[in-house]
Amino acid sequence: MNNGLSAAIAWRYLLSKKSYAAVGTISTVSVCAMAIATAAIICVLSVFNGFREVIGGKLDSLSPDLMVSPVKGKVFADADNLADRITQLPGVQVATPTLSDKALLICNSREMPVTLKGVLPDDYAKVTSIRSLIKKDYGDYLTESNISHNVQQNGSGAPPQNGSGTLPPPRGVASIGAAARLQTYPGDGGLLFAPRREGRVNLANPAASFYSDSIRISGIYRSDQSQYDEDGLIVPLDLARSLFTYDTEASAIEIKLDPEANADATQRKVAEALGAGFTVKNRLQQQAMNFRMIAIEKWVSFLLLTFILIIAGFNIISSLSMLVIEKEEAIHTIRALGMSRRRIGSIFAWESIYVSMAGAAAGIILGVGLCLAQQHFGLIKIAGDAEMSILQAYPVKVQWPDILATLAISAILAATTALITAAFARSKCRHADIK
């Protein structure tokens, strides 16, 4: 009953005309500040959710459903047989070995280090969407029928000869970043160099410390993921093994699952079949660092905006303190009618809760509305060349956990301002010597 009376009086104070215009103005500004800060939190968190969804949507391009890699070392032996064993497991459609390492590519009198990835072309095309990443006029993907390699242990890099003339160099698919830096196009030739893993360096002939091979760029791919587009070069697996002097080794086995297979269950089966010497990661785990960075940036931004919300809370405390001073005569009256100091404090505590939650509710409605408008109409564009950018407008996605987190912060702030305002109101009772 008493709580209901305090809440009713507080509601009456909230709606009543203030004696001093400044009090009403400051209260309105406080509610608006609370609403804007809350809306900013919702919008910023939704933008991070949108970017996370965009990155997650891009994982289907060159990230396999599952990836097997060694726990220790860069490579493991007998990869082909291991891939065959994995293929026999239920739920697995294709398992193919891949070998990745650094090499030097020289093309058109330019050079750059590249991440060389050796693959079985047909199997790799089944595991990933590499064919669809090579757009029209950007060449072709690797074909088994037109692949040959001739690794040579010399520094000249000249392709070997046979009775019928020069053998065709191996084909390779370059990333858009590597192609742009080397200014190369489909059909251009180049040289690959990789350092010898074993033996001593001959200072008299340093070129003998490298294996080299010629290559012809058959196509250029663009995945819109920097880790693949920056310096990637895809070549046949046997070329990579010869260049890096491996036999049956691979750095990973990439797996495509059956569409009907349970991904988590299949991941556990593959891990059990391989034992403790290997790790098996799904798509999200393969990109764990990217997602972790997005999560860190998101919640750091949330923390910074929460401080702005706290500042808005101080505005509420100041405006309600002025209201307490304005209502000092009314406090005398209701105290004379028998209301305790604690109950008088609760009136202004309810007033603080009303103002804080009104601002929070308005902010959430405003933030969700702005996010939905951005999602459907793309109001805020991303700066830059629209033709080169994969996104024309900032992506957004509203999630309930973000709304609940914002509500929780607003509720804590409302409770804190209520306690401070109530304490100030009780102090005014004591100052007036109301017994």
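Residues numbered from 1 in each chain as written. Predicted model: local features only at pLDDT ≥ 70, side-chain atom pairs only at ≥ 80, totals over all residues. Heavy atoms only, no water.

Caption draft 1: Up close: the overall build of the protein chain. What the protein chain contains, in helices and strands, is 13 helices and 11 strands. For the protein chain, the residues scored as buried account for 43% of the 435 residues in total. Put simply, of all contacts in the protein chain between residues at least 6 apart along the chain, 81% involve residues at least 24 apart. Carbon and sulfur atoms make up 60% of the accessible area of the protein chain, which totals about 22,100 Å². (Helix = DSSP H or I, 4+ residues; strand = E, 2+ residues; numbered from the N terminus. Buried < 20%, exposed > 50% of the residue type's maximum accessible area, 1.4 Å probe, protein only. Contact = heavy atoms within 4.5 Å. Areas by Shrake-Rupley, 256 points an atom, 1.4 Å probe, with all protein chains shown as cover.)

Caption draft 2: The side chain of Ser410, seen in detail. Among the structural elements, Ser410 can be located in helix 13 (residues 400–431). Not counting residues up to four positions away in its chain, the partners in contact with Ser410 are Met34, Thr38, Leu309, Met357 and Ala360.

Caption draft 3: Region of the structure containing the environment of Ala10. On the secondary structure map, Ala10 appears in helix 1 (residues 2–15). Given a relative accessible area of 0%, Ala10 falls into the buried group. In sequence terms Ala10 and Trp350 are 340 residues apart; their C-alpha atoms lie 5.9 Å from each other. Not counting the four nearest positions on each side in its chain, Ala10 is found in contact with Ile347, Trp350, Glu351 and Tyr354.

Caption draft 4: How the structure looks around the packing of helix 10 (residues 288–326) against helix 12 (residues 341–377). Between helix 10 and helix 12, the shortest axis-to-axis distance is 11 Å and the interhelical angle comes to 140°. One finds that helix 10 runs oblique with respect to helix 12. The handedness of the crossing between helix 10 and helix 12 is right-handed. Residue-level inspection shows Ile316, Leu320, Leu323 and Val324 of helix 10 in contact with helix 12, the latter providing Phe348, Glu351, Ser352, Val355 and Ser356. (Axes fitted to C-alpha atoms, helices over the stretch in contact; angles between N-to-C directions. Parallel < 35°, antiparallel > 145°, perpendicular 65-115°, else oblique. Left-handed = near helix turned anticlockwise from the far one by under 90°.)

Caption draft 5: Broad picture of the packing of helix 11 (residues 328–336) against helix 12. Viewed as axis vectors pointing N to C, helix 11 and helix 12 meet at an angle of 135°, and their least axial separation amounts to 10 Å. If you check the angle between helix 11 and helix 12, you find them oblique. Crossing angle aside, the handedness with which helix 11 passes helix 12 is right-handed. Facing helix 11, whose interface residues are Ile331, Ile334 and Arg335, helix 12 presents Arg341, Ile344, Ile347 and Phe348. Residue composition of the contact of helix 11 with helix 12, grouped by class: 5 nonpolar, no polar and 2 charged. (Nonpolar A, V, L, I, M, F, W, Y, C, P; charged D, E, K, R; others polar.)

Caption draft 6: Inspection of a nonpolar patch on the surface at higher detail. Nonpolar side chains collect at one region of the surface, where Met289, Met293, Ile296, Val300, Leu303, Leu304, Phe307, Ile310, Ile311 and Phe314 lie side by side and expose about 970 Å² of accessible area between them. On the secondary structure map, Ile311 appears in helix 10. (Patch = residues over 30% accessible without salt bridge, like charges linked within 9 Å, V, L, I, M, F, W, Y side chains within 5 Å. Salt bridge = Lys/Arg side-chain N within 4 Å of Asp/Glu carboxyl O.)

Caption draft 7: How the structure looks around the nonpolar core. Judged by nonpolar contacts, the single largest core of 25 residues is most densely connected at Leu105, Val114, Leu116, Leu192, Leu233, Val235 and Phe244. Sorting the residues of this core by element identifies strand 2 (92–107), strand 3 (110–119), helix 5 (176–182), strand 7 (189–195), strand 8 (210–221), strand 9 (232–236) and helix 7 (237–243) as the ones contributing at least two each. Among all residues touching Phe244, those that are not within four sequence positions of it are Leu99, Asp101, Lys102, Ala103, Leu116, Ala194 and Arg197. Counting 24 residues, the second-largest nonpolar core is a separate cluster that includes Ala37, Met339, Ile344 and Leu413. (Core = buried A, V, L, I, M, F, W, Y, C linked by side-chain atoms within 4.5 Å.)

Caption draft 8: Up close: the layout of surface pockets. There is about 550 Å³ of room inside the largest pocket. Lining the largest pocket are 22 residues, and of these Met67, Ser100, Lys117, Gln227 and Tyr228 sit closest to its centre. Counting residues per element, the ones that place at least two in the lining of the largest pocket are strand 1 (66–70), strand 2, strand 3, helix 6 (226–229), strand 9 and strand 10 (252–257). Here the lining of the largest pocket is built from residues that sort into 9 nonpolar, 9 polar and 4 charged. (1 Å grid on protein atoms, 1.4 Å probe; cavity = no way out; pocket = protein on both sides within 12 Å on 5 of 7 lines; lining within 4 Å. Points joined across faces, edges and corners; volume = space filled by probe spheres on them.)

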